[in-house]
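Inside the fold
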Amino acid sequence: MSGLAIAQVLDRGRTAAAHAPVAAADNAPGDGEGFETVVLQRRGLRPLRITARLLAEVAARAYELPVWSEIAVYEVGGAEGATTPFAAKIVHRLRLLGPPDLAFAELLPDAEAVLHFIRGHDPVAAIPAVAFIGAAGVWDGAAVLAGNETALAQAILRQRAAWRQLVAAMVGRER
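Read on for a plain summary of the structure. What you are looking at is a predicted structure, and each value in this text was computed from that prediction instead of being measured.

Looking at the side chain of lysine 89
Residue placement: lysine 89 occurs in strand E4 (residues 86-94). Glutamate 70 provides the closest opposite charge to the buried, salt-bridge-free lysine 89, at an N-O distance of 4.6 Å. In this structure lysine 89 touches Leu40, Glu70, Ile71, Ala72, Tyr74, Phe104, Ala105 and Phe117, once residues within four positions along its chain are discounted.

Shown next as structure tokens:
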């Protein structure tokens, strides 16, 4: 996905859907191939249950990162898709703490809103500091983070850099 901006994929998907032949008059938008029931978990909120198909997905799962992150964008079908044609989710897997994951998801009205949702997310603000320290208080082998602000700051900087790379892979770099 690195060479193709997500906005182009979103626009192309909606344009193709608008020009696709309809087999029966009672078909709702998104009742076609690849659409399925998807449940998107959300931190502190009820999950979103939608009919959708995956448009794009990227993940950062480097061993040296204490938090693995994923971004996914969906085309929403059915009646919901008429007013909010897209959904996006961001998930952070806290490797040192285990479940539950931190999950964020929204129904979005257009490609610009998708970009804003993804680019506007701050993973470090969403992730508790203990996720970088872990129950044992260590990460990166011998690096003891508990009480070591420098090591904690470095872990957070690595996480932010990984997030920027993930976002760039999904939506391209900001201009």
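Regarding the nonpolar core
Ile71, Leu108, Phe117, Ile118, Ile127 and Met170 are the most contacted members of the largest nonpolar core, which has 29 residues in total. Looking at this core, the elements with two or more residues in it are strand E2 (45-60), strand E3 (67-76), E4, strand E5 (102-108), helix H3 (111-119), helix H5 (130-133) and helix H6 (149-171). Considering every element that reaches this core, the biggest residue donor is H6, with seven residues. One finds Leu40, Leu48, Ala52 and Ala105 within the second-largest nonpolar core, a separate group that totals ten residues.

Observations regarding the sheet that holds E4
Overall, antiparallel pairing links the five strands, which are arranged E1-E2-E3-E4-E5 in an open sheet. Either end of the sheet is taken by a strand with one partner, and the two such strands are strand E1 (36-42) and E5. Sheet twist, expressed as the mean angle between neighbouring strand axes with direction ignored, is 45°. Docked against the sheet, H6 engages E2, E3 and E4, running at close to 25° with respect to E3.

Looking at H3
Along H3, the positions that sit buried rather than exposed are Ala111, Ala113, Val114, Leu115, Phe117 and Ile118. The backbone nitrogen of glutamate 112 lies 3.2 Å from a side-chain oxygen of the residue at the head of H3, namely aspartate 110.

A word on the pairing of E4
For E4, the tally of buried residues reaches eight of nine residues, placing the bulk of the element in the interior. Relative to E4, E3 is paired through nine bridges, and the arrangement is antiparallel. When the sheet's bridge partners are listed, isoleucine 71 is paired in E4 with isoleucine 90. The sheet contact formed by E4 and E5 spans seven bridges and is antiparallel.

Cut-offs used in this document
Residues numbered from 1 in each chain as written. Predicted model: local features only at pLDDT ≥ 70, side-chain atom pairs only at ≥ 80, totals over all residues. Heavy atoms only, no water. Helix = DSSP H or I, 4+ residues; strand = E, 2+ residues; numbered from the N terminus. Buried < 20%, exposed > 50% of the residue type's maximum accessible area, 1.4 Å probe, protein only. Lys, Arg positive; Asp, Glu negative; His and termini not counted. Salt bridge = Lys/Arg side-chain N within 4 Å of Asp/Glu carboxyl O. Contact = heavy atoms within 4.5 Å. Core = buried A, V, L, I, M, F, W, Y, C linked by side-chain atoms within 4.5 Å. Pairing = 2+ DSSP bridges. Axes fitted to C-alpha atoms, helices over the stretch in contact; angles between N-to-C directions. Polar contact = N/O pair within 3.5 Å; in protein donor to acceptor, adjacent residues only side chain to side chain.

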